Each structure stands twice: as C-alpha cells, then as structure tokens.
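So the chains spell out like this:
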Amino acid sequence: MALLEPFAAEFNLETGVMEASKNLIQRRLSSMRGMYADEAAEAALLAAGDPMIYEVYTSEVPEEAGQVLYCTTTIYPGRVGDEYFMTKGHFHSLRDRGEIYLGLSGEGYLLLQTEEGEPRAVPMHPGTAAYVPPYWAHRTANVGDEPFVFFAAWPGDSGHDYGTIEKIGFPQLLVSRDGQPALVGNPRFSGVTG
Ligand code: M6P
Ligand code: ZN
C-alpha cells in the first residue's frame, strides 16, 4: 500500500459541499427509475423536469483495504408520491464491512435490511452518529423541509453492490402520513436475496 501524505478536507456543515472534492456524484430521479413505489408520481416528476434527489461529495482516498473512504451526502427535500426522497441504497460488495454516519443538518432516516430482509429504521438529526453494522444494506431518506446532510466513512475495500437492491428493493417504504414519517410494508418487496 502506498504511503499517503496526511491531509484535511473542509466541508460545509449546512450544505455538505466539500470544496476540495473532485468527485461529485449527482443522482436525479431518472438515475433511479423504478425505485419508488408510486410509478405515476415518478412519471409526473420526470416529465416536470427530473428533480435532483441527492448529491455525494466523495474523498480522493484510494479504494483499497486499509484505507478509510468518506463522503458527504446531501438529500434534497421532496417526495415521489408519499415516499420521501432517498438514496439508491446498497449492500457492501464485501458484506462484512460496516460504515458510520454522522448527521450534520436536516432530518432524515437510515433504513437498513439484512440479507434475509429483516428491516430496521434509525432516525437521524444533526449530531446523530448512526452505525451500519457489517451485513446490513443501507439507504437514507430526507423526512424534513430542508436538505438532509450527513457524513459517512467506511473501509476502503467495501465496494458498492447496487444490483441486489435494484432487484429486491427494501422491505419497508418511508412515507408521509398526516405530515409525519411512517414506515409501511413495501408491496413489491421480493424478499430474500440469492
Ligand atoms: C452514504 C455512503 C456512500 C453512498 C452514499 C449514497 O454517504 O453510504 O457510500 O454512496 O450514502 O448512497 P448510495 O450509494 O446508496 O446511492
Ligand atoms: Zn455503504
């Protein structure tokens, strides 16, 4: 492994913007087609201009064992039908790699599931350190009216497995009920992986 020089990156706690980051990932609704339950609401939003759902400023750290990758994620406020704007979500390619999140601004939820489809949900606020244990798929959603911003750090060799989530979805949907976040069963959840 190469010996790296120590460095520091500055980022904005309100917006999540990391000025030094050369890697900005932007996900509009069109890049996550089929992930929201309400297909008619998705089609209407796509026709109305394809909203930005979230942005990720990633570190320049090499993706290899021993390194610690990090990023900030900013999920914009909004819903597709009743379902709050959210990330795609992923398992780690190496399933036995965990992750740590720190809420910086706004209000969100961390949604998780095991490979057996066992769901969990963890509310996140500024100052919440939420732990993603190894083996749990993870997705975040914004349940507030402002951008939800959080910092994440994870082992450099974890990898992102998006395909499994694209195929099976998450067991629960996070929706707005009378203006409050509520978890409901996902009727399209196709269950256990493999
Ligand atoms: C968190 C971390 C990142 C991830 C980002 C967006 O910041 O888990 O690794 O890329 O959320 O989530 P996703 O990759 O699932 O779209
Ligand atoms: Zn992860």
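Refer to the structure presented above.
Let me sum up the structure you'll find in this document. Keep in mind that this is a model prediction, so the values were computed, not measured.

1. A short note on the nonpolar core
Logical step 1: Counting 41 residues, the largest nonpolar core has Tyr-36 and Tyr-101 as its most contacted members.
Logical step 2: Among the elements that make up this core, the one with the highest residue count is strand β12 (residues 148-155) (five residues).
Logical step 3: Not counting residues within four places of it along the chain, the set of residues in contact with Tyr-101 comprises Leu-110, Met-124, Thr-128, Ala-129, Ala-130, Val-132, His-138, Thr-140, Phe-150, Phe-151 and Ala-152.

2. Here's the deal with the sheet that holds strand β9 (residues 119-124)
Logical step 1: As summarised here, the arrangement of the three strands in space is β9-β8-β11, forming an open sheet in which the pairing is antiparallel. Only two strands of the sheet have a single neighbouring strand rather than two, namely β9 and β11 (137-142). Along the sheet, successive strands turn relative to each other by an average axial angle of 20 degrees, direction set aside.
Logical step 2: With six bridges connecting them, strand β8 (residues 108-113) and β9 associate as antiparallel partners. By the bridge assignment, Leu-110 is partnered in β9 with Val-122.

3. Quick notes on the coordination of the zinc ion (ligand 2)
Logical step 1: Taken together, His-90 (NE2), His-92 (NE2), Glu-99 (OE) and His-138 (NE2) make up the protein donors of the zinc ion (ligand 2), found 2.0 to 2.2 Å from the metal.
Logical step 2: Because the angles between the four donor atoms bound to the zinc ion (ligand 2) fall within 86 to 156 degrees, the donor set is best described as irregular.
Logical step 3: Mapped onto the sequence, the donors of the zinc ion (ligand 2) take the spacing H-x1-H-x6-E-x38-H. Grouping residues by exposure puts His-90 and His-92 together as buried.

4. Quick look at the pattern of salt bridges
Logical step 1: Under the counting rule described, the total for this entry stands at eight salt bridges.
Logical step 2: Across the salt bridge formed by Arg-120 and Glu-118, the nearest N and O atoms sit 3.1 Å from each other.
Logical step 3: Judged by its relative accessible area of 40%, Glu-118 is partly exposed.
Logical step 4: In the salt-bridge network here, residues are joined through shared partners; they are Arg-95, Glu-115 and Asp-161.

5. Quick notes on the site of ligand 1
Logical step 1: For ligand 1, the set of nearby residues contains 16 residues, the closest of which are Tyr-54, Thr-73, Glu-99, His-160 and Tyr-162.
Logical step 2: Here an oxygen atom of ligand 1 sits 2.9 Å away from a polar atom, N or O, in the side chain of Tyr-101.
Logical step 3: One nitrogen or oxygen atom from the side chain of Tyr-162 is found 2.4 Å from an oxygen atom belonging to ligand 1.
Logical step 4: Taking 370 Å² as the accessible area of ligand 1 by itself, protein coverage stands at 97%.
Logical step 5: Put simply, the parts of the chain that give the shell around ligand 1 at least two residues each are β2 (52-58), β3 (68-75), β7 (99-105) and β12.

6. Overview of the sheet that holds β7
Logical step 1: Taken in spatial order, the six strands of this open sheet run β1-β2-β3-β12-β7-β10, and their pairing is antiparallel. In this open sheet, the two edge strands, each paired with only one partner strand, are β1 (23-28) and β10 (129-132). Strand-to-strand twist across the sheet, computed as the mean angle between neighbouring axes with direction ignored, equals 20 degrees.
Logical step 2: In terms of strand pairing, β1 meets β2 through six bridges, oriented antiparallel. Paired with Arg-27 across the bridge in β2 is Tyr-54.

7. So, the side chain of Asn-186
Logical step 1: Mapped onto the elements of the fold, Asn-186 is located in the segment after β15 (180-185).
Logical step 2: You can call Asn-186 buried: its relative accessible area is 14%.
Logical step 3: Within the structure, the side chain of Asn-186 is placed 3.0 Å from the backbone nitrogen of Arg-188, a separation counted as a polar contact.
Logical step 4: What Asn-186 contacts, discounting residues up to four positions off in sequence, is Phe-170, Pro-171, Gln-172 and Leu-173.

What counts and how
- Residues numbered from 1 in each chain as written.
- Chains lettered and ligands numbered in written order.
- Predicted model: local features only at pLDDT ≥ 70, side-chain atom pairs only at ≥ 80, totals over all residues.
- Heavy atoms only, no water.
- Core = buried A, V, L, I, M, F, W, Y, C linked by side-chain atoms within 4.5 Å.
- Buried < 20%, exposed > 50% of the residue type's maximum accessible area, 1.4 Å probe, protein only.
- Helix = DSSP H or I, 4+ residues; strand = E, 2+ residues; numbered from the N terminus.
- Contact = heavy atoms within 4.5 Å.
- Pairing = 2+ DSSP bridges.
- Axes fitted to C-alpha atoms, helices over the stretch in contact; angles between N-to-C directions.
- Donors = N, O, S within 2.8 Å, 3.2 Å for Na, K, Ca; no water.
- Tetrahedral: all angles 85-135°; square planar, octahedral: opposite > 155°, others 65-115°.
- Salt bridge = Lys/Arg side-chain N within 4 Å of Asp/Glu carboxyl O.
- Near = heavy atom within 4 Å.
- Polar contact = N/O pair within 3.5 Å; in protein donor to acceptor, adjacent residues only side chain to side chain.
- Areas by Shrake-Rupley, 256 points an atom, 1.4 Å probe, with all protein chains shown as cover.

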